[in-house]
Amino acid sequence: MKAKAILFTLPLCFVAAAVCFAGDAKIEQTLRDLDEQWSKAAAAKDVDKTVSFYSEEVVVMPPNAPRATTKEAIRAIWKDLLTDASISWKTKEVEVAQSGDIGYTSGTYEVTMTDPTGTPVNDRGKYLEVWKKQADGTWKCVMDMWNSDLRVASSAAPEKK
């Protein structure tokens, strides 16, 4: 009798696991696709579309600047960046929480901009985005952070007296 129960229960466990993993794979692909669409919006310099990927409760942490939590501050960051730069990023890793309502994407970015003297400046680095499933079933970014792989130019140390 125990053997029949095990033989009956085991396939159900495999089916349940397959459904869970398929759900995670589908969510992972959804987040990967959203991140790609977001990068394309930024590459097209579409500020409104770029900002639309954020939730209402987002925290954006750009490099060398204070964190931004209001739509106005976030829009200003992107407007400045997209006015003076070309940017793109590529997702390398996607993870989804077991609950299926939160996940993260991480990857690399490249930026080309012109400095105040007119010289092209290239930057590359990494990013981390936290995504949360919204009440309406859509996914929005709730935390966005990126930083450069390039070394910061050091300023001259003050003289000792």
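Cut-off values and rules
Residues numbered from 1 in each chain as written. Predicted model: local features only at pLDDT ≥ 70, side-chain atom pairs only at ≥ 80, totals over all residues. Heavy atoms only, no water. Helix = DSSP H or I, 4+ residues; strand = E, 2+ residues; numbered from the N terminus. Pairing = 2+ DSSP bridges. Buried < 20%, exposed > 50% of the residue type's maximum accessible area, 1.4 Å probe, protein only. Contact = heavy atoms within 4.5 Å. Core = buried A, V, L, I, M, F, W, Y, C linked by side-chain atoms within 4.5 Å. Phe/Tyr/Trp six-rings, centres within 6.5 Å; stacked < 30°, edge-to-face > 60°.

I tried to follow the environment of Glu57 on my own but got confused; where do I start?
By the element assignment, Glu57 lies in strand E1 (residues 54–61). Separated by 12 residues in the primary sequence, Glu57 and Thr69 have C-alpha atoms spaced 7.2 Å apart.

When you look at the pairing of strand E5 (residues 139–148) in this model, what are you seeing that I'm missing?
Working note: regular strand, side chains alternate between the two faces of the sheet. Where E1 and E5 come together, 4 bridges link them in parallel fashion. Each bridged residue has a counterpart across the sheet, and for Val60 the counterpart in E5 is Asp144. Both strand E4 (residues 120–133) and E5 contribute to a ladder of 9 bridges, which runs antiparallel. Across the sheet, the residue bridging to Tyr127 is Trp146, located in E5.

Please explain the environment of Thr50 as it appears in this structure.
Here Thr50 lies in helix H2 (residues 47–51). With a relative accessible area of 0%, Thr50 lands in the buried category. Here the alpha-carbon distance between Thr50 and Lys79, two residues 29 residues apart in the chain, equals 9.6 Å. Leave out the neighbours within four places in its chain, and Thr50 touches Trp38, Ala41, Ala42, Trp78 and Leu82.

What exactly am I supposed to notice about the nonpolar core here?
Judged by nonpolar contacts, the single largest core of 29 residues is most densely connected at Leu31, Tyr54, Trp78, Ile87, Trp89 and Trp131. Elements with a minimum of two residues in this core: helix H1 (2–43), H2, E1, helix H3 (71–84), strand E2 (85–96), strand E3 (102–114), E4 and E5. Element by element, the count of residues in this core is highest for H1, at 6 residues.

Even after reading the chapter, I still don't get unusual backbone geometry, so can you show me in this structure?
When glycine is set aside, most residues are seen to have a negative phi, and most peptide bonds are trans. Phi angles above zero are rare outside glycine, and Lys45 is one such case at about 60 degrees. Along the polypeptide, Lys45 turns up in the loop between H1 and H2. Positive phi, normally seen in glycine, also occurs at Asn64, with a value near 55 degrees. Of note, Asn64 is situated in the loop between E1 and H3.

Any chance you could explain the packing of aromatic side chains here in plain terms?
In this description, a pair of aromatic rings is defined by centroid distance and the angle of the planes. Per the counting criterion, the structure on display carries 7 aromatic pairs. Ring centres of Trp38 and Phe53 lie 5.5 Å apart, and the angle between their planes is 15 degrees; this geometry places the pair in the stacked category. Within this pair, whereas Trp38 is found in helix H1, its partner Phe53 is found in the loop between H2 and E1, the two being separated by 15 residues in sequence. In this structure Trp38 comes out as buried when scored by relative accessible area, which is 0%. A ring pair is formed by Trp89 and Tyr127, whose centres lie 6.4 Å apart and whose planes are at 65 degrees; its orientation type is edge-to-face. You can see Trp89 sitting in strand E2 and its partner Tyr127 sitting in strand E4, a full 38 residues away along the chain.

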